[in-house]
Amino acid sequence: MIKVIGVRFRTAGKVYYFGPKDIEFKRGEHVIVETARGVEFGTVVLPNMEVTDDQVVQPLKTVIRKASKEDCEREKRNREKEKDAYKVCQEKILKHGLEMKLINAEYTFDNNKVLFYFTADGRVDFRELVKDLASVFRTRIELRQVGVRDETKILGGMGICGRPLCCHTYLPDFVPVSIKMAKEQNLSLNPTKISGICGRLMCCLKNEAETYEYLNRKLPNLGEYVTASDGLKGEVKEVNVLKQTVKVLVEVDDEKEIHEYPVEELKFKPKKQRENHEKDKDRRHGKKQKGSQNSGNNYQEDAELKELEMLERKDEKSKLDD
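Reading the values: the criteria
- Residues numbered from 1 in each chain as written.
- Predicted model: local features only at pLDDT ≥ 70, side-chain atom pairs only at ≥ 80, totals over all residues.
- Heavy atoms only, no water.
- Patch = residues over 30% accessible without salt bridge, like charges linked within 9 Å, V, L, I, M, F, W, Y side chains within 5 Å.
- Areas by Shrake-Rupley, 256 points an atom, 1.4 Å probe, with all protein chains shown as cover.
- Salt bridge = Lys/Arg side-chain N within 4 Å of Asp/Glu carboxyl O.
- Lys, Arg positive; Asp, Glu negative; His and termini not counted.
- Charge placed at Lys NZ, Arg CZ, Asp CG, Glu CD.
- Helix = DSSP H or I, 4+ residues; strand = E, 2+ residues; numbered from the N terminus.
- Buried < 20%, exposed > 50% of the residue type's maximum accessible area, 1.4 Å probe, protein only.
- Contact = heavy atoms within 4.5 Å.
- Phe/Tyr/Trp six-rings, centres within 6.5 Å; stacked < 30°, edge-to-face > 60°.
- Lys NZ or Arg CZ within 6 Å of the ring centre and 35° of its normal.
- Pairing = 2+ DSSP bridges.
- Axes fitted to C-alpha atoms, helices over the stretch in contact; angles between N-to-C directions.

### With respect to a negative patch on the surface
A surface patch of like charges, here negative, comprises Glu-251, Asp-253, Asp-254, Glu-255 and Glu-257. Along the chain, Glu-255 falls in strand β12 (residues 255-262).

### A few points about the environment of Val-241
Checked against the element boundaries, Val-241 lands in the loop between β10 (233-240) and β11 (245-252). According to the relative accessible area criterion, Val-241 is buried, its value standing at 13%. Sequence-wise, Val-241 and Leu-219 are 22 residues apart; in three dimensions their C-alpha atoms are separated by 7.6 Å. If near-sequence neighbours (up to four positions away) are discounted, Val-241 is found in contact with Tyr-212, Leu-215, Asn-216 and Leu-219.

### Topic: the packing of aromatic side chains
Tallying each qualifying case throughout the model produces 5 aromatic pairs. An aromatic cluster of at least three residues, connected via ring pairs, comprises Phe-9, Tyr-16 and Phe-18. Against the face of Phe-174 rests Arg-149, its NZ or CZ located 4.4 Å from the ring centre.

### Some details on the sheet that holds strand β8 (residues 140-145)
With mixed pairing, the 3 strands of this open sheet are ordered in space as β6-β7-β8. If you trace the sheet from one side to the other, it starts and ends with β6 (101-107) and β8, each paired once. Each strand axis lies, on average, 20 degrees off the axis of its neighbour in the sheet, ignoring direction. Where strand β7 (residues 113-119) lies against β8, 6 bridges are found, and the strand directions are parallel. Residue Phe-118 lies in a different strand from β8, and its bridge partner there is Gln-145.

### Some words on the sheet that holds β12
Ordered by their spatial adjacency, 5 strands build an open sheet running β12-β11-β10-β9-β13, and the pairing between neighbours is antiparallel. Two strands in the sheet have a free side with no partner beyond their single neighbour: β12 and β13 (266-267). Pairing geometry for β10 and β11, over 6 bridges, is antiparallel. Bridge assignment links Glu-235 to a residue of β11, and that residue is Leu-249.

Structure, rendered in structure tokens:
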């Protein structure tokens, strides 16, 4: 076991382990540490604890010191300088006529480097821009191209739920999200309704995905025929995932009625068996599995959904902490 503390360098950023020496740290205290980028000012989010050797990337660096009042003042001045650096870089980008959108400027604590984050549709030749910036700031310059999800993580905003964005407040990295999660939760598959302000699938689709997947496994599909405990048979017309109830169209005295049953009072083939049966049936007939045959607007939505999934896989990992 190794004694460590967890340090974070940005809001909702990745947590890095450092050796605490013989110092006791509390959550929220500031520390000065050495990283691959240089000397940095960080915040303790995990106080002194022990972790297994395989959880630590070797060699484990130790903290330099607890941040003093002077260190905190210097960090504050750096944040002010970043605003000026942003303006200068924005002017230089316009001067060089580059097709790129500047997102943020960031000084390392020791002012050994200035990082500029930007987005662009493709590759950008910014060599002349770097030379120009280096002559102004007289320090090392790094331009880092990030995706639209990282842009949103940096800038923040409000989601359609009315709360601050998950990626900006607590998610250290982007979670893998898929269209299947929206389907499991019976959400509208309209791309505009399941996408965040970054234009990618909403991160919160992951929050309840496992619960819905587990609950859906217990329920029959719409259109499936089931047998109830009272002996009536009928077609499933509606399911309530959270209540675990099913509305079934049954025939009573030559009249059709809708009866609602708890799922445990129904007999039907388990979902896994149904899926395997359908796959075997398709293989026997030499068919590929297909969804419903849509046209018009639905066809366009399907194409947009496929594009969303492709972009999701491309932007899955945050590049801010590389």
